[in-house]
Each structure stands twice: as structure tokens, then as C-alpha cells.
Amino acid sequence: MIAIEQIRREPDAIRRAIKSRGEADPIDEILELDAAWRRDKTEADEIRNRRNQVNREIGHARSAGQAPAPEVIEEMRALGRRVDELEASAQQAEDQVREMLLNIPNLPLDDVPVGADSDANRVYREEGTATDLGFEGLPHWELAERLGIIDFQRGAKLSGSRFYTTIGAGARLERALIAWMLDLHTGEHGYTELSLPAVVRRDVMEGSGNLPKFADNLYHDDEDDLWLIPTAEVPITNLYRDEIIPPGQLPLQYVAQTPCFRRERAAAGRDTRGIKRVHQFNKVEMYQFVEPESSAEALERLLGHAEEICRRLGFSWRVLELCTGDMGFAAAKTYDIEVWAAGCQEWLEVSSCSNCTDFQARRANIRYRPEQGARPQWPHTLNGSGLALPRVMIAIMENNQQPDSSIVIPEVLRPYTGFDRIEAP
RNA sequence: GGAGAGAUGGCUGAGUGGACGAAAGCGCCGGUCUCGAAAACCGGAGUACGGGCAACUGUACCGUGGGUUCGAAUCCCACUCUCUCCGCCA
């Protein structure tokens, strides 16, 4: 949520920012409602002030044994009715403003490239190149089926299209990746590991910005009004909802592996083969709560933590700086990491690292106290995949495949897998 | 699923419808004393919003939302959450 104070102060800058993201601009309407709200609130406060004074006098008189004059009571009654009216209309204006604010995306940082869609994204860094295998490689869905490590048919039998089941060495490889990534981030990058609920309440989804706008992409249990998380970012953001984090605790760095559930309705018909785009997948997620001044630098470090995974797995990858029109709703700046997959000859997005500035903190009412006695402030929040499992599996399978279709396990994973190769049958 | 208890400031915990934004204790911050500390004593300290350049000031907030009343932490209704016991269960 962006700040109403900022809209009052610099409406034009905000109009420009919203336009750069290709969104409709509600600023005029917001300003009007805000003015109405302040007018009503001021008047109501003044009336209450008078009422409080008189009521105090009535109280004193009562305890001195004097009954209040009927006309005074009558006047107070009238004031009460007026306050009720003003309160109702102020409340209405406030609700409308909040509703509109909730639907405004975060403001892009100044250095974010301006553009309408992914064509305007900028290549920020390249490590390695789109290499060739030197022989005719297979896409992962054929490889995995041939090796018997992923069962697409039976996955669909259980849960429908875009669900899959890994078997044997495939399942073990995924588990090894998860354990290794968590160990790396906790051991070398300073994160604290979390194990989280995969199902959350409505207000938690609102706090992270997924509701009300993106209900379409979420699975939902009607009976209990519970929502399946699309990413661990959702529960982690809400850990400190409605709290003031005491001095000296920031930065807080968390890492968690969770399943992620996405309906992918907008992508119907796209990427239907293999495990590139599925309804349920595992992801290791990094998350930071930091002081505002350090969030830009924190994003670079977070990105580095995700890249370190790619480096140690021997991937070729590139980092994209997303343009204004391509960023997620809560992000003020986003880097995507794409790794090269030699089988389907494609760059695959394995990570998205974002600085959400104070956007999520405001929505979820998360504050921190810079020091003893200081006023509470909004921390900045950052999140980044570290990494998403299916696409990492794809890259390992496709890039490390041999002419006989066996797959060589990256060195760093071998202590976790217990084998150094997935043999062809 | 059944039965019961509860929700008040950072924590513990008082609070007969009128001086209650709220006792007291602990913890915290500042000061006196001390070479320094502890103890003791004195003082300070919630959050949000509005108005004001500011000092300041007004309003709201005792789980949430309604109601009664001139006036609600206190009375009434609904809801949410927490805890305890019983049952079932990985």
C-alpha cells in the first residue's frame, strides 16, 4: 500500500509512476475522498470535544447531588446524533480510500527501466553462455520419462493436468537440492530457517498483497476461508504483522522451503509439457526485513545469494532488471535470474528477487523502532527465490545429460544425493 | 466434536456507568548519590489520526463489530482468537 501522505504531497509524481506500470490512475478521486474524510473527522472531533467537556460537568454535578438540566441532556443527544452522521460518512470515505489504495501497485524505484512489457527488461549481468551439449539433447520431459524419475500420467491421474510425481532418484535429487540450498543459505548467507504453514487466512493474503486483486491465481478452501500459499513470501511477510519490531533486531533474514500452489489460469495452454509450469511445486525462499536506507544494497546481496546457487551448480545464467510494466504488484524493483536449459534451448526463470520497499510493511502494519524511544517506522521487505525447484531440476537434467541419456549429478549435491549419476536403464 | 475459562499498556495484574489513557508491581529510559556499580530516592515513558511552521493541541483506541446511555474498559448482543479438560487422531 502506498502512503496517503505521499499522495497528498506529490500527486503528480505518483500519477506518473502508476502510468509507467500501465495502470489506471485513481488519484483525483482519492484526493477528493481524503479531503471529505478530513473535513468530517475534524468536525466530529470538535463536537466530541465539546460533548466530553459537558459530560464531565454532568458527572461532577451528579456526584454533588445535582441533576442535569433536561435541555442540556437534549443538546447532548443532538450532538451525539450529529457525531454518528459524521462518523458514518467519514468511515465510508476512509474505507473507499483504503480500497483504492490497496489496488494501487508499488511505486517503481527511480533506476527501474521504464517500459510496457518484457521487451523493455534490461540484461543486468551474464555469467556463462547459452551452451550446446555437442550432441542432440532431449527436453527434460522425455529424459525424465526415459529414466523413470518423473511420472506425468500418474500425477495427472491424482490431481489433473500440471501435476506430476517424482520417483526414486528424481525425488531424491529434489530433496537433496532443498537440503543443500537451505544449508548454504543458513550456513553461509546468514539466514534463519523457517518451516511454515502452507495454508493461511484471508487477512494474511491481504497483508502480502495477493488479495483482493489476485484471487484468480489462488486455491481456496471455502469452508474455512483458508488460502493455499503461492509462495513462502506470504506467511513470512505476515510473521510480524501488527507488531513493532524492537530496536537492534534488523536486518532479519529468513529462508524457508514450502510447497507453492498456483492456479495459472492466465497461462492456460502455455508450457503444457514437463514441469516448467505446474500447479504445485517446491521452492526455497529468502526473505529480509531491513531498515529503509539499506534496502537497495540488501537487494544486491540477496540477488548474489540466489546467484551463488547457480554458480555452484555450474549453470550459465543471466540477470534481468525488470521494467516498470513487467514487475509484480508489490515490487519497487525486481531482478529475475534465468538459467540456460540446453535440452529445450531456453532461458528459464529460476528466481525473482524484489525490493518491496515499505509497500508490504504498510499493508501488513509491520513496524520497527530504530532505537529506544524513537518513533516506529516502516521497514523495507525483500524476497527472492533461492531457488524454485522444478526449473532447477530441468536445468540439471537437460544440461548434465549424457549421450546415453544418463544424468551427471553436480559435485556439490553428491553428499546429499548419495549417487553421482542417474543411470539410463 | 463436547465442556469450561479467558482476552486491559513491553510483561504481570487491579479496575462500584461519571476525575480512567487507565492503579500497583516488574522491566525500560533519564537524573541524584558513587571512583565505578548495586541499592535507595526523584523524574520520564503507549499507538494512530486530525489541526498547527512550531511549542503544542484535539480525537480515538482496554480482542473485533454492533447496541443501550447525556456519558461505557465497566451493562447487553454477535463474532474472533487463546487457554484448560474430555473424545478422536499423525
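Anyway, here's the lowdown on the structure attached to this text. Nothing here was measured: the structure is a model prediction, and the numbers come from that model.

### Observations concerning the layout of surface pockets
No. 1: Its boundaries defined by the atoms lining it, the second largest pocket holds a volume of some 450 Å³.
No. 2: What lines the second largest pocket is a set of 15 residues, and nearest its centre among them are Met 1, Ile 4, Glu 5, Glu 94 and Leu 101.
No. 3: When residues of the lining of the second largest pocket are traced back to their parent elements, those giving at least two are helix H1 (4–9), helix H3 (27–63) and helix H4 (70–102).
No. 4: The element contributing the most residues to the lining of the second largest pocket is H4, with five residues.

### Overview of the nonpolar core
No. 1: Core analysis: the largest hydrophobic core is formed by 57 residues, its most contacted members being Leu 177, Met 181, Ile 275, Leu 313, Val 392, Ile 396 and Met 397.
No. 2: Among the nonpolar cores identified, the runner-up in size contains 23 residues, and Ile 2, Ile 4, Leu 101 and Phe 329 belong to it.

### With respect to the side chain of Ser 295
No. 1: By the secondary structure assignment, Ser 295 is in helix H10 (residues 295–312).
No. 2: Ser 295 gets classed as buried once you look at its relative accessible area, which sits at 4%.
No. 3: If near-sequence neighbours (up to four positions away) are discounted, Ser 295 is found in contact with Val 290, Asn 355, His 380 and Leu 382.

### Considerations on the pattern of salt bridges
No. 1: Counted by the stated rule, this structure contains 34 salt bridges.
No. 2: Among the salt bridges present, the one from Glu 75 reaches Arg 50, with a minimum N-O distance of 2.7 Å. Residue Glu 75 is found in helix H4, and its partner Arg 50 is found in helix H3; the two are separated by 25 residues along the sequence.
No. 3: We classify Arg 50 as partly exposed; its relative accessible area is 39%.
No. 4: Residue Asp 271 pairs with Lys 276 through a salt bridge whose shortest N-O separation is 3.4 Å.
No. 5: Given the relative accessible area of 22%, Asp 271 is considered partly exposed.
No. 6: Take Lys 276: its relative accessible area is 18%, and that puts it in the buried class.
No. 7: Linked by salt bridges that have partners in common, Glu 264, Asp 271, Lys 276, Arg 277 and Glu 346 make up one network.

### Some remarks on empty space enclosed by the protein
No. 1: In this structure the tally under the stated criterion is one cavity of 30 Å³ or more.
No. 2: Of the voids in this model, the largest cavity is the one considered here, and its volume is about 30 Å³.
No. 3: Taken together, Ile 150, Tyr 164, Thr 166, Glu 174, Ile 275, Pro 390 and Met 393 make up the full set of residues lining the largest cavity.

### Focus on the state of the cysteines
No. 1: A complete count under the given rule lists zero disulfides for this structure.
No. 2: Between Cys 310, a cysteine without a disulfide, and Cys 353, which holds the nearest cysteine sulfur, the sulfur-to-sulfur distance is 9.4 Å.
No. 3: The class of Cys 310 is buried, set by a relative accessible area of 0%.
No. 4: Taking the relative accessible area as the measure of exposure, Cys 353 reaches 0% and is therefore buried.

Cut-off values and rules
- Residues numbered from 1 in each chain as written.
- Chains lettered and ligands numbered in written order.
- Predicted model: local features only at pLDDT ≥ 70, side-chain atom pairs only at ≥ 80, totals over all residues.
- Heavy atoms only, no water.
- 1 Å grid on protein atoms, 1.4 Å probe; cavity = no way out; pocket = protein on both sides within 12 Å on 5 of 7 lines; lining within 4 Å.
- Points joined across faces, edges and corners; volume = space filled by probe spheres on them.
- Helix = DSSP H or I, 4+ residues; strand = E, 2+ residues; numbered from the N terminus.
- Core = buried A, V, L, I, M, F, W, Y, C linked by side-chain atoms within 4.5 Å.
- Buried < 20%, exposed > 50% of the residue type's maximum accessible area, 1.4 Å probe, protein only.
- Contact = heavy atoms within 4.5 Å.
- Salt bridge = Lys/Arg side-chain N within 4 Å of Asp/Glu carboxyl O.
- Disulfide = S-S within 2.5 Å.

The quantities given are spatial measurements derived from coordinates; they are silent on function.
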